[in-house]
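Here is how the chains run, residue by residue.
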Protein chains: 2
Amino acid sequence: MINIIVDAFGGDNAPDAVIAASVMAVENLGVKITLVGNEKLIQESADKAKLSLAGIDIVNAPDVIDIHDDPTDVIKKKPESSMAVGLKLLHDSQGDAFVSAGSTGALVVGATFIAKRIKGIKRAALAPLIPASDGYVMLLDAGANADCRPEMLVQFAVMATAYMERVMEIEKPRVGLLNIGAEDTKGRDLEVEAYKLLSKAPINFCGNIEARELPFSKCDIVVADGYTGNIALKLYEGMGLFFAKTLKHMLTNKLKNKLAAVLIMNEIKDFKKKMDYSEVGGAVLMGISKPVIKAHGSSDSTAFFNAIRQAKQCVDGGVINQISDYIGSQKED
Amino acid sequence: MINIIVDAFGGDNAPDAVIAASVMAVENLGVKITLVGNEKLIQESADKAKLSLAGIDIVNAPDVIDIHDDPTDVIKKKPESSMAVGLKLLHDSQGDAFVSAGSTGALVVGATFIAKRIKGIKRAALAPLIPASDGYVMLLDAGANADCRPEMLVQFAVMATAYMERVMEIEKPRVGLLNIGAEDTKGRDLEVEAYKLLSKAPINFCGNIEARELPFSKCDIVVADGYTGNIALKLYEGMGLFFAKTLKHMLTNKLKNKLAAVLIMNEIKDFKKKMDYSEVGGAVLMGISKPVIKAHGSSDSTAFFNAIRQAKQCVDGGVINQISDYIGSQKED
């Protein structure tokens, strides 16, 4: 049975939401869960919520990483934290995948140094699935590496291709390079060079994609350096919030508008669901030797459950092996 | 009387929309217009629309820059184009400002080489005003320079401060550095270094701003390198379009939804107006020795009229002198 290691003390709603999600996962996904964190607090939270922890192993980890910790060395400084202990278990093959809603920076550093990268992979990349007009687009790197070299962007494309094929079941997913124009001469040296390398890579490269087209599903995968990808991801989130607030104002500021709100309630719900990242899980930390999922910091139990499901899908789909195979074959060339 | 030089043959709706806008400007803004382009075609368009060209000088320029021309050398290759001739007039002090809806790339190169930069300014920057929850945010550089050095970002901040003070009448406009986190250690070398320089500059620097906050008016000015700024601007546009399409679908797919649309019609109109860039004009090409406005390529006559008004506001407000004064005083230090 697949065993998912779960950081019980990451995110705004830990440990309650994480524990509830773990119980749901055991009941619905046919997985085993190894819950890592302060054992006493986990047991107390479960008792309070009247949840049975059957099918869940608890591994004690007394320490917690918080947002004030410097992500670059917190894993070293807090080896007894739930995140560090969980990643150590993953490295020691005590589980098949790891899920955390804790600090992104700490997770990137920790996963790289404790769980290690896939052999041949230069950098791990953060890969959220962002909602678009027709399904989801995998955007990477969304913030793990502020600076990237062209060959890294090619590896990002290859890793995302493996994911979109194996988990999202998209045949030959279309890869776009985020850029400021359509022509192959556009962008900085990074994009010009990456364009050439992507054209030769065994992926379905569709050329440059302008940020304007990002919401319209012109691609299944969009690659960028981690600085640009993070700006795009955060702006996507911000604009979504901005529109939601605008719509809410539109539909509540007068009595007749409230009537309008009632009439289109279903459509608003559908849109909200569509724009909700957590429907598909969290962001995949691509390039680590086992699947690592970063759940959103604000995850409730449903969102965290979806992140666990996504971890299971990565294991089921053999995403890591697919990436390893490709990287191995490239090296022989 | 202020004389605005206008490129009659730039943009999707040239020359008709440009001519109509020029006539409106003469009638409503108390300016003189020098319209540059194929004289015969201008006269024909005016005749067809039954518009009088009183108060408008025409300077003949037989050639037109189109989107297939390489922007880096088109100004040299097409010296008789409406854009090149207009910029030459500006340089020769035959007018006080220049407005074009033509190729952005050609305008950046052309303005820099023909009309010249303000003494001491290292790079011209494209500065659109993007709609936010409370007014507008000036974002620069939005695409004139894919690569920037930290000191350029400081000059961008100074130039935008002059504009926001003198034209938008905002006292001590708040400047933010677009970045991937709030702390001064966040970002690439560019942002870390720019943060230090901005902190010492005589502007109202408010630190880093994450892309997520961009729509919420946390700042009046946001500085970034031209690659990042362009990605942010285009994503802003794309998300606006995405949201508009979603809203349209919501409000038309069923009969009862159409009723809802009628009920909130005014709010939708207000929102559309708010999100419409062209309400405030075009993007300012900051750093050129005289005001240069890039109107949106899809400008209709109203949008182009607003760009002409914006050019006049730059002249009236003495934006260029304000920038020169600052740059001069910095050099003496």
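In what follows, the structure referred to is the one given above.
In this report, we go over the structure that sits alongside the text. Note that this is a predicted model, so its numbers are computed, not measured.

Conventions we followed
Residues numbered from 1 in each chain as written. Chains lettered and ligands numbered in written order. Predicted model: local features only at pLDDT ≥ 70, side-chain atom pairs only at ≥ 80, totals over all residues. Heavy atoms only, no water. Helix = DSSP H or I, 4+ residues; strand = E, 2+ residues; numbered from the N terminus. Rg over C-alpha atoms; globule rule 2.2 N^0.38 Å. Buried < 20%, exposed > 50% of the residue type's maximum accessible area, 1.4 Å probe, protein only. Pairing = 2+ DSSP bridges. Axes fitted to C-alpha atoms, helices over the stretch in contact; angles between N-to-C directions. Contact = heavy atoms within 4.5 Å. Expected span 1.5 Å × (residues − 1). Arc of directions from axis to C-beta. Least-squares fit on C-alpha atoms with pLDDT ≥ 70 in both. Polar contact = N/O pair within 3.5 Å; in protein donor to acceptor, adjacent residues only side chain to side chain. Buried area = accessible area lost by both parts, 1.4 Å probe. Salt bridge = Lys/Arg side-chain N within 4 Å of Asp/Glu carboxyl O.

So, about the overall build of chain A. Secondary structure summary: chain A contains 12 helices and 12 strands in total. In summary, chain A has a C-alpha radius of gyration of 20 Å against a globular reference of 20 Å for 333 residues, a match within 12%. Principal axes of the C-alpha set define a box for chain A whose edges measure 65 × 60 × 35 Å. Relative to its full complement of 333 residues, chain A shows a buried share of 57%.

Moving on, we get to the sheet that holds strand β6 (residues 129-132) of chain A. To summarise the sheet geometry, strands pair through backbone hydrogen bonds and adopt either a parallel or an antiparallel arrangement. A sheet is described by the order of its strands in space; here five strands give the open sequence β6-β7-β10-β8-β9 (chain A), paired in mixed fashion. Edge positions in the sheet fall to β6 and β9 (204-210) of chain A, since each has one partner strand and no second. Along the sheet, successive strands turn relative to each other by an average axial angle of 30°, direction set aside. On top of the sheet, helix α8 (residues 226-250) of chain B reaches β6, β8 (174-179) and β9 of chain A; it is set at about 120° to β8 of chain A, its chief contact.

Turning to helix α7 (residues 189-200) of chain A, a few remarks are in order. All names here are of chain A. Taking 1.5 Å of rise per residue, 12 residues should cover 16 Å, and α7 covers 17 Å from first to last C-alpha, within 8% of that figure. Within α7, the full set of buried residues consists of L190, E191, A194, Y195 and L198. Looking down the long axis of α7, one finds its buried residues gathered within 130° of arc, a one-sided arrangement. Facing away from the buried side of α7 by over 90 degrees, the exposed positions are D189 and K200.

It is worth spelling out the relation of the copies chain A and chain B at this point. Of the two same-sequence chains, chain A is brought onto chain B (RMSD 0.0 Å, axial shift 0.0 Å) by a rotation of 180°. What the superposition gives is, in effect, a two-fold axis relating one chain to the other. Closest approach to the rotation axis within chain A is made by the C-alpha atom of A260 of chain A, at a distance of 2.0 Å. The share of interface residues of chain A whose copies in chain B are also at the interface is 100%, consistent with both copies meeting through the same surface.

A separate point is helix α11 (residues 301-317) of chain A. All names here are of chain A. Taking 1.5 Å of rise per residue, 17 residues should cover 24 Å, and α11 covers 24 Å from first to last C-alpha, within 8% of that figure. A303, F304, F305, N306, A307, I308, Q310, A311, K312, C314 and G317 are the residues of α11 that are buried. A side-chain oxygen of the first residue of α11 lies 3.2 Å from the backbone nitrogen of T302; this N-cap is D300. G318, located one to two residues past α11, shows a positive phi value of around 65°.

Contacts between the two partners involve 48 residues from chain A and, on the opposite side, 48 residues from chain B. Summed over the three residues of chain A that lose the most area to chain B, namely R212, Y227 and F242 of chain A, the buried surface amounts to 15% of that side. For the pair chain A and chain B, the interface holds six salt bridges. Ionic pairing is found between E267 of chain B and K254 of chain A, a salt bridge with its closest N-O pair at 3.1 Å. The interface formed by chain A and chain B holds 14 residue pairs in polar contact (both at pLDDT 80 or more) in total.

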